[in-house]
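Summary of the model geometry
Listed here are the chains, written in short residue letters.
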Amino acid sequence: MKPRDILEGKAGDKYFVLGNEALVRGALEGGLNFAATYPGTPSSEIGDVLSEIAGPAGVSFEFSINEKVAMEVAASAAACSLRSMVFMKHVGLNVASDPFMTAVYTGTRGGFLVIVADDPSMHSSQNEQDTRYFSEISRAPMLEPSDPVEAYEMMKKGFELSEALELPFLVRTTTRVAHIRSVVTFGEITGGRRQGDFEKNPSRWVPVPAFARTMHRELQQKLVKAREMSEQSPYNFVEQVGDKSPYGIITSGCAYNYVMDAARAMKMDVRVLKLGMTAPLPEKKISDFLRSCEDVLIVEELDPYLENAVRVLSQREGITARIRGKRDGLFSVMYEYSPDILKKALCEWRGVPYTVECVEVEALTLPPRPPVLCPGCSHRATYHAVKVALRKAKIKDAIFPTDIGCYTLGIMAPQSMADYLLCMGSSVGTACGISRATGKKVVSFIGDSTFFHSGVTGLISAYHNAHSFLLVILDNRTTAMTGHQPHPGIACEVNGMKAPAVDIEKLVKAIGVEFVKVVDPYDLNATVETFQEALGHEGLSVIVSRRECALVADRERRKKGEWKTFEVNQETCSHCLVCVTQFACPAFSSEERNVFINRALCDGCGVCAQVCPTKSIEVRSNE
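In short, a report on the structure. (Residues numbered from 1 in each chain as written. Predicted model: local features only at pLDDT ≥ 70, side-chain atom pairs only at ≥ 80, totals over all residues. Heavy atoms only, no water.)

What about the overall build of the protein?
Note the cut-off: By the criteria applied, helices consist of DSSP H or I runs no shorter than four residues and strands consist of E runs no shorter than two, each listed in order from the N terminus. When we talk radius of gyration, it's over C-alpha atoms, and the globule rule is simply 2.2 Å times the number of residues to the 0.38. Buried means the residue's accessible area, taken with a 1.4 Å probe over protein chains only, is under 20% of the maximum for its type, while exposed means over 50%, and partly exposed covers the values in between. Residues count as neighbours in contact if any of their non-hydrogen atoms are within 4.5 Å of one another. The Shrake-Rupley method, run with a 1.4 Å probe sphere, supplies the accessible areas, and residue values consider only the shown protein chains as cover. The charged-residue count follows a simple rule in which Lys and Arg add positive charge and Asp and Glu add negative charge, with His and chain termini not counted at all. Note that the charge is assigned to NZ on lysines, CZ on arginines, CG on aspartates and CD on glutamates.
Secondary structure assignment for the protein yields 22 helices and 24 strands. For 623 residues, the compact-globule estimate of 2.2 N^0.38 gives 25 Å, and the C-alpha radius of gyration of the protein, at 27 Å, lies within 12% of that figure. Each principal axis of the C-alpha distribution contributes one length, and for the protein these read about 80 × 70 × 55 Å. Going through the 623 residues of the protein one by one, you find that 54% of them count as buried. Intrachain contacts of the protein at a sequence separation of at least 6 include 77% that bridge at least 24 residues. A total of about 27500 Å² of accessible surface is found on the protein, and carbon and sulfur atoms cover 52% of it. Side-chain charges of the protein comprise 69 positive and 75 negative groups, with the mean position of each set lying 3 Å from the other.

Thoughts on unusual backbone geometry
The omega angle of the peptide bond from T41 to P42 is 20°, so this bond is cis rather than trans. Residues A413 and P414 are joined by a peptide bond in cis, for which omega reads 10°. In this fold, P414 is placed in the loop between α15 (378-392) and α16 (426-438). Of note in this structure, E592 is not a glycine but carries a positive phi near 50°. Following the sequence through the fold, E592 ends up in the loop between β22 (588-591) and β23 (594-597). The exposed category is assigned to E592, whose relative accessible area is 74%.

Quick notes on the pattern of salt bridges
The condition that has to hold: By definition here, a salt bridge exists when the distance from a side-chain nitrogen of Lys or Arg to a carboxyl oxygen of Asp or Glu is within 4 Å.
Inspection of the entire model under this criterion finds 36 salt bridges. Where E160 meets K157, a salt bridge forms, and the shortest distance between an N and an O atom there is 3.5 Å. In this pair, E160 and K157 are both assigned in helix α7 (residues 148-165), 3 residues apart and thus about one turn of the helix distant. With relative accessibility at 42%, the residue E160 sits in the partly exposed group. Residues R204 and E166 are paired through a salt bridge, measuring 3.3 Å at the closest nitrogen-oxygen approach. Placement of R204 in helix α9 (residues 202-205) and of E166 in the loop between α7 and β7 (169-174) is noted, with a sequence separation of 38 residues between them. On the basis of relative accessibility, which here comes to 32%, the residue E166 falls in the partly exposed class. Each of D118, D130, R132, E144, R172 and E300 takes part in one network of salt bridges that share partners.

Structural notes on the nonpolar core
What counts, and what does not: Among buried residues, those of type Ala, Val, Leu, Ile, Met, Phe, Trp, Tyr and Cys that are joined through side-chain atoms within 4.5 Å constitute a nonpolar core.
In this structure, M85 and I250 are the most contacted members of the largest nonpolar core, which totals 83 residues. Filtering out sequence-adjacent residues up to four positions away, I250 remains in contact with L273, L275, I286, F289, L290, V296, L297, I298, V299 and V310.

So, the packing of aromatic side chains
Worth spelling out the cut-off: We call Phe, Tyr and Trp rings a pair once their centres come within 6.5 Å, taking the six-membered ring for Trp, and we label the pair stacked below 30 degrees between planes, edge-to-face above 60, and tilted otherwise. Think of it as a cone above the ring: NZ of Lys or CZ of Arg counts as a charge over the ring if it is within 6 Å of the ring centre and within 35 degrees of the ring normal.
Under the defined criterion, the tally for this structure stands at 11 aromatic pairs. Where Y133 meets Y305, the ring centres are 5.9 Å apart and the plane angle is 80°; that geometry is what we call edge-to-face. A residue pair is termed long-range when its members are at least 10 positions apart, and Y133 in helix α6 (residues 132-138) and Y305 in helix α13 (residues 305-317) qualify at 172 residues. A relative accessible area of 28% means that Y133 is categorised as partly exposed. One aromatic cluster in this structure is built from F61, F63 and F87. For R558, the ring lying beneath its charged end belongs to W563, and the centroid distance is 3.9 Å.

Concerning the sheet that holds β7
We count it as follows: Any two strands are treated as partners once DSSP identifies two or more bridges connecting them. In this analysis an axis means a line fitted to C-alpha atoms, helices contributing only their contacting stretch, and an angle means the value between N-to-C directions, from 0 to 180 degrees.
Across the sheet, which stays open at both edges, the 7 strands sit in the order β3-β2-β4-β5-β7-β6-β12 with mixed pairing between neighbours. One side of each edge strand has no neighbouring strand; the edge strands of this open sheet are β3 (60-63) and β12 (277-279). The strands touched by helix α5 (residues 90-106) are β4 (84-89), β5 (112-118) and β7; relative to β4, the strand with the most contacts, the crossing angle is about 135°.

Digging into the pairing of strand β8 (residues 181-185)
Here β8 shows a clear split, with S182 and V184 buried on one side and none of R181, V183 and T185 buried on the other. As paired strands, strand β1 (residues 14-18) and β8 are joined by 5 bridges and run antiparallel to one another. What sits directly across from V17, in β8, is S182.

Thoughts on a nonpolar patch on the surface
Applicable threshold: Patches here: salt-bridge-free residues with over 30% relative accessible area, like charges joined within 9 Å, nonpolar side chains (Val, Leu, Ile, Met, Phe, Trp, Tyr) joined within 5 Å.
Together, M122, V333, M334 and Y335 make up a nonpolar patch on the protein surface, roughly 340 Å² of accessible area in all. Along the polypeptide, M334 turns up in the loop between β14 (322-324) and α14 (339-350). Taking the relative accessible area as the measure of exposure, M334 reaches 42% and is therefore partly exposed.

Topic: the sheet that holds strand β20 (residues 541-546)
Pairing is parallel across the open sheet formed by 4 strands, whose spatial order is β15-β16-β20-β19. Only two strands of the sheet have a single partner each, and these edge strands are β15 (443-447) and β19 (515-519). Direction aside, neighbouring strands of the sheet carry axes that sit 20° apart on average. The pairing of strand β16 (residues 470-475) with β20 spans 6 bridges and is parallel.

This is the structure:
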């Protein structure tokens, strides 16, 4: 479906929507006024949709420089009585946790929803985290949808609950909830306030210690009401599968879907307590459920968040029902679940044989498909230039901190230029530590969007503390890996107004860095020469390697009919395979040392022609 359908769909219309799209529609029907984010998969489609429809929807929306700023922007708008939301992937909440923790103390006037998408199995993340613990340590109430329909409903209800308690609410999704589709029947978009107002009250909004102590007491009082809400919540309910039995399952989130599929397929007799408001937990409802069962299984992805709480509750209440889950080894704390994982665990729980219906298929040997930089990607040319410059400078033991983005694929051979990575923006700080600890030459890589996100603060610290390394800012003019969202280095239109670009090299020079150069990585010789110069520089040096993302550039060139591809002149080719083994564009292939360029993959960047020692790569003659 088109993003405009999310806004223009009429009440009563049914749409087959993605979980992230359902969150947007629910928010609009709930009276959303204000939204902010930093893009991160699996939540990025929320921003992609909002960026297209926020204007006509009357919603103020922005891609902030990072998740912390996005949290501050949205929380302050909510303090001005506007219904607001901020959204991010799970590691983004680490960045935003500082303002988030205090925003729970100060509370909110307008409904304020904090959507956080966990990524079990790490499909696009550097770690697995269970965001539900953030609810526990912050005391923010939490909603946990299991599918797009619930996601849609919970956004509308979430604003009401948030305003009733004057507390921000976490809305925790996972990759499957964000990326599965369901049929959602749209309601009315009511629209909300367009102009907020701020009531001055330092005792509420300024948490100096004297006020913060009062705020903490008030937060505990709000949580008493939140527990009552959880007990009455329609999202916490019991469902019977088959006939009555002494067996029960407590579950939440996407795991609920697997439970129901497996239990019905196995024709089990079991009661299921499905929890949708998972903080505060409905302790009375859970206790009543436990007392009605003799044997209870806890099913949840990632950490034993529910299981720990249920075990503690059971001990405190003197409940005798047997409780089983991850701590008994029935489930892993790692990765996503599946119906097969559930079936196997249910069989083990009930002590029945686990049998798998297998279909015999002919064994297939599939070719490996490792992730690679795209054909024409300027990062490949940059990495190649750095390698050549290091070789010419006879530096063999350089260390390469890297960062989060497409260029993390520099870890793959033959580039092999990713030695250390922690998180967004970490490549600058880690370059400081590694260079000073080892005394070796350090070349650090960071993308343009990531530099703005949190790399610039590391660079200020590096300059102030007189560190010595080369920082390469890979500027492809977009936030590429999450779907080409804008960043502060790009002039664009935001909320109907022209947003000016922040000049990276001027910013770096303003910090005080003296060696700052900009290169075009498609001009390979000039780029190598500049890297050689930087490697000979004592102290901090920064090179901005600037070339638009090939995917964006190709789209425009195809529209204009400006298209060319390259081919190998087989008569002059020396079969040295430098283009295959050292440059490694995926458009290349070789057979018995003869090299070929796939016309469908070649994007005509021409860098390979500069790499070829015999100049045997030429523009295809029959273009």
